[in-house]
Amino acid sequence: MCVGCLSRMRPRYKRLVDNIFPSVPQDGLVKNNMEKLTFYALSSPEKLDRIGEYLFQKASRDISRKRNEFVMIAMEAMDQLLVACHAQTLNLFVESYLRIVQKLLESSEPSLQILATQSFVRFSNIEEDTPSYHRRYDFFVSKFSSMCHNNNPNLVTMEMIRMAGIKGIQGVIRKTVSDDLVENIWEPVHMDKIVPSLLFNMHTMKSKTDIVVESGISEEVNDKTDSFSLAESCLRELIGRASFGHVKSVIRPVLKHLDAHHMWVPNVFATQCFRILMFSIQSQYSYAVVETLMTHLDENGNASPKIRTSIADVLSKIIAIAANESVGPTVLEIINSLLTNLRTSVTRRPPSNIGLSESDGENEYREALIHALGEFAAHLPDYQKIEIMMFIMSKVPQFKSSNNPNDLHVQRMCLKSLLMVSTKYSSVQMNATFPQSFLDLLLKTLTASEDEIRFIVLRILHTLLDRHNNAPKLSKATVNITKSEINLEKCSRSDTIFIRKHAQDIYVSIYESLEMTNNTVENVEAVYTTLALICIELLSEETVLDFIRLILSIQELAITNAVLSTQQKFHLHGLVISIMLLVAIVTDLHPLKDYVEKVIEQRKLLSATHLLPELSIHNEVKSASLLPAGVLIEEPELTEALKASGIDITTETGPVLAHRRSWVENTNMSMKGSFTDLSNLDLDSVNSTPAMQRRFSPNEDLSFEAMKRSLMDNPVVRVEQNTRQTQLCDMFRNTSFQDLVAISTASKDEESLHSKITDVFNKVDISNKLSAVETTNQPIPIYETLFPELFAF
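Residues numbered from 1 in each chain as written. Predicted model: local features only at pLDDT ≥ 70, side-chain atom pairs only at ≥ 80, totals over all residues. Heavy atoms only, no water.

Caption draft 1: Region of the structure containing unusual backbone geometry. Backbone torsion omega between Val265 and Pro266 reads -10 degrees, so that peptide bond is classified as cis. With respect to the helices, strands and loops of the structure, Pro266 is situated in the loop between helix H12 (247–260) and helix H13 (268–280). Unlike most non-glycine residues, Lys66 shows phi in positive territory, near 65 degrees. Examined against the element boundaries, Lys66 turns out to sit in the loop between helix H4 (48–64) and helix H5 (68–84). With a relative accessible area of 58%, Lys66 lands in the exposed category. One non-glycine residue, Asn469, lies in positive phi territory at about 60 degrees. Summarising the element assignment, Asn469 is placed in the loop between helix H22 (451–465) and helix H23 (493–514). (Helix = DSSP H or I, 4+ residues; strand = E, 2+ residues; numbered from the N terminus. Buried < 20%, exposed > 50% of the residue type's maximum accessible area, 1.4 Å probe, protein only.)

Right, dumping it as structure tokens:
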């Protein structure tokens, strides 16, 4: 039988497939015969699987015979059939196609590997009509990932194979992500191969080509000519296609790769990777990246400070991107996690052999956490910033004194975090800026025993009070300020209501903070800035009197306090004169301004310049108790100046400016406990009780000489009185309740109530009264009838 007869007896699909191959491979695919094969496949789709199987057999035979040209023709035919046919039986044809691709990828020829990859990428862009239930791509994931790590000695070939591997991974992602019935590409077994392969190419090619991206994001390149750009594009596509449940499947391999290859220090590449992830992910899922990174930070709690600092730094650079999409509990969860890490760092006990560099690294780690918190808060709306500040303030340990340095450090770090958030907030109305609970905690912390803690609280107040950027101009006390230098705006009605409601608490806390003996110049200047901002932002003619009373109280504190040092008293005098002048300037009280300027000139003329700003340590130590006449603000002259300025002081009850705490006593609210007023407690309670006389203290001298000394206002006696008052205050501050009860009851006669009643009745001549009752025949009182035992004699 002739060969032609045998060929005509073969199935038609085989004859059509054979006809697409030329006699000379250099001629390429026979296009006319390819069109016939395509028409036959479309007309008889049930033959597609046989066509695919026959092409696979011919291609396998050509691969083994090293006939690469015919292999390329077979792959081209496969590609055209895939594009043209969309029948339901295409799945069986695809199986044969993928077997050919796998056969080519297993070849050691780089050209065949690249050919297979190019064909697979074209296949990945085809939308199939019917899903596949049994198709698997695990081989392709492994092979393409290994191609990404190719180390061919020929750099050009290595680059081509690596790029082919990245394109293959991109094709697998496109083919599997949109089809739920195929193998789950998000499984760790696949992600642990795909993600490190992409990161390897991004980092390796970045190092070789010295690509420096300052912002952490490379520019988009339309023509992906290098594996670095292609890998970055693939990573963007991968994270962009991830749903919420799959985000962590991508992030975990990234973290594992950075840990395994020690890429956190320095963290330039880590920052770049996470910024790519944050800008490529669906915006509503961006906070999941932050949560995963924070969890990783928790897991590395025992790592070196440098590594933790680098992770926190990366967090600070990406957390702002997630802030816009974070809502409700997510915000507080992130803030709470940052504060927890901060507290853990503070309370961590360093090893005994820790070096200075390790300690510095821990401080840098804490600063990085605080910076991350500030960056997160900066991109939140103002109402959420208020909630964050209240949340942070609730986490601040509340104690006035502690011997545990860790407690103080925790308090200090929490307040620094609060300060960072407050710098991102813009105040509009003070009643919204200072909710009651937040203000109470803030003022309570203002009276802490640690001077640095008080200083941080004052800086927080500066950022929240300053609405017109006046704080930089008021950083130091001065008497040379003019109205043109200040940005002024009329106090609104709501702000006036706020200061009238809360002035008592604010002024008491500021006063008590100035009583602290460890105040530095920086503390006093911070108080000056706080008072100056209150004056500019909140004072009006309705509230200026209370503020002036506070100023006078501070001056009296500088005169009478026996605990403060001489330099501290001088600082208070400088503070008083500076604030009083600023009040006159802001409120346009010209007579008051003239009087204050007169006092300033007196201080200059009488060599009392140490009572003026600048606040500093004076070389010449002077006496704080012996002050020349006219250098202090006197109440009579001040009262006349206020009257001349048009301030209505007739509505105030009692002396207008007579008492140090009159600005508290005249408020409608009851004053909270203040230890500085304990000396007046006995007097007030006795005078308010009818039919009782005040009992003088046993130690009180009531002789004529004592009264004479009192009238002459001897400084020695006054100092002794202040000392006793200070000792009494210190006792009530520092002594426990049980000890106070023991002290107060030690000198009392512990006689029973019955003995006291007996003494009272012994002093009354009851027998005469009873006889008088009997002679007058009046009825016996009911109390004698009901309680006869009390009247038995």
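Caption draft 2: How the structure looks around the packing of aromatic side chains. Tallied over the entire structure, the rule returns 16 aromatic pairs. Between Phe120 and Tyr137 the ring centres are 6.3 Å apart and the planes differ by 70 degrees, which places this aromatic pair in the edge-to-face class. Remark: Tyr137 occurs in the loop between helix H7 (110–124) and helix H8 (138–148) and Phe120 occurs in helix H7; sequence separation between them is 17 residues. For the pair Phe120 and Tyr137, a shared accessibility class is recorded, and that class is buried. For the ring pair Phe244 and Tyr285, a centre distance of 5.8 Å and an interplane angle of 55 degrees mean the geometry is tilted. Here Tyr285 lies in the loop between H13 and helix H14 (286–299) and Phe244 lies in the loop between helix H11 (227–240) and H12, a separation of 41 residues in the sequence. By relative accessible area, which is 18% here, Tyr285 ends up buried. (Phe/Tyr/Trp six-rings, centres within 6.5 Å; stacked < 30°, edge-to-face > 60°.)

Caption draft 3: Seen up close, the nonpolar core. Counting 213 residues, the largest nonpolar core has Phe274, Phe434, Phe547, Leu575 and Leu592 as the members making the most contacts within it. Of the residues forming this core, the biggest block, 12 residues, is contributed by helix H26 (residues 566–586). Filtering out sequence-adjacent residues up to four positions away, Phe547 remains in contact with Tyr507, Leu531, Ile534, Cys535, Leu539, Ile579 and Val583. (Core = buried A, V, L, I, M, F, W, Y, C linked by side-chain atoms within 4.5 Å. Contact = heavy atoms within 4.5 Å.)

Caption draft 4: Looking closely at the packing of H23 against helix H25 (residues 544–560). Closest axis-to-axis distance for the H23/H25 pair is 11 Å, and the angle between their directions is 15 degrees. With respect to H25, the axis of H23 lies roughly parallel. By crossing handedness, the relation of H23 to H25 is classed as right-handed. Where H23 abuts H25, its residues Tyr507, Tyr511 and Leu514 lie against Asp546, Phe547, Leu550, Ser553, Ile554 and Leu557. (Axes fitted to C-alpha atoms, helices over the stretch in contact; angles between N-to-C directions. Parallel < 35°, antiparallel > 145°, perpendicular 65-115°, else oblique. Left-handed = near helix turned anticlockwise from the far one by under 90°.)

Caption draft 5: Spatial organisation of the pattern of salt bridges. This structure, assessed with the given rule, holds 22 salt bridges. A salt bridge links Glu525 to Lys476, with the shortest nitrogen-to-oxygen separation between them at 3.6 Å. One end of the pair, Glu525, is in helix H24 (residues 521–538); the other, Lys476, is in the loop between H22 and H23, with 49 residues separating them in the sequence. One salt bridge connects Lys483 with Asp588, and the closest N-O pair in it is separated by 2.7 Å. In this pair, Lys483 sits in the loop between H22 and H23 while Asp588 sits in the loop between H26 and helix H27 (590–605), placing the two residues 105 residues apart along the sequence. In this structure Lys483 comes out as partly exposed when scored by relative accessible area, which is 36%. (Salt bridge = Lys/Arg side-chain N within 4 Å of Asp/Glu carboxyl O.)

Caption draft 6: Representation of the environment of Phe391. Inspection of the secondary structure assignment puts Phe391 in helix H18 (residues 382–395). Along the primary structure Phe391 and Leu418 are separated by 27 residues, whereas in three dimensions their C-alpha atoms are 9.4 Å apart. Not counting residues within four places of it along the chain, the set of residues in contact with Phe391 comprises Leu332, Ile335, Asn336 and Leu339.

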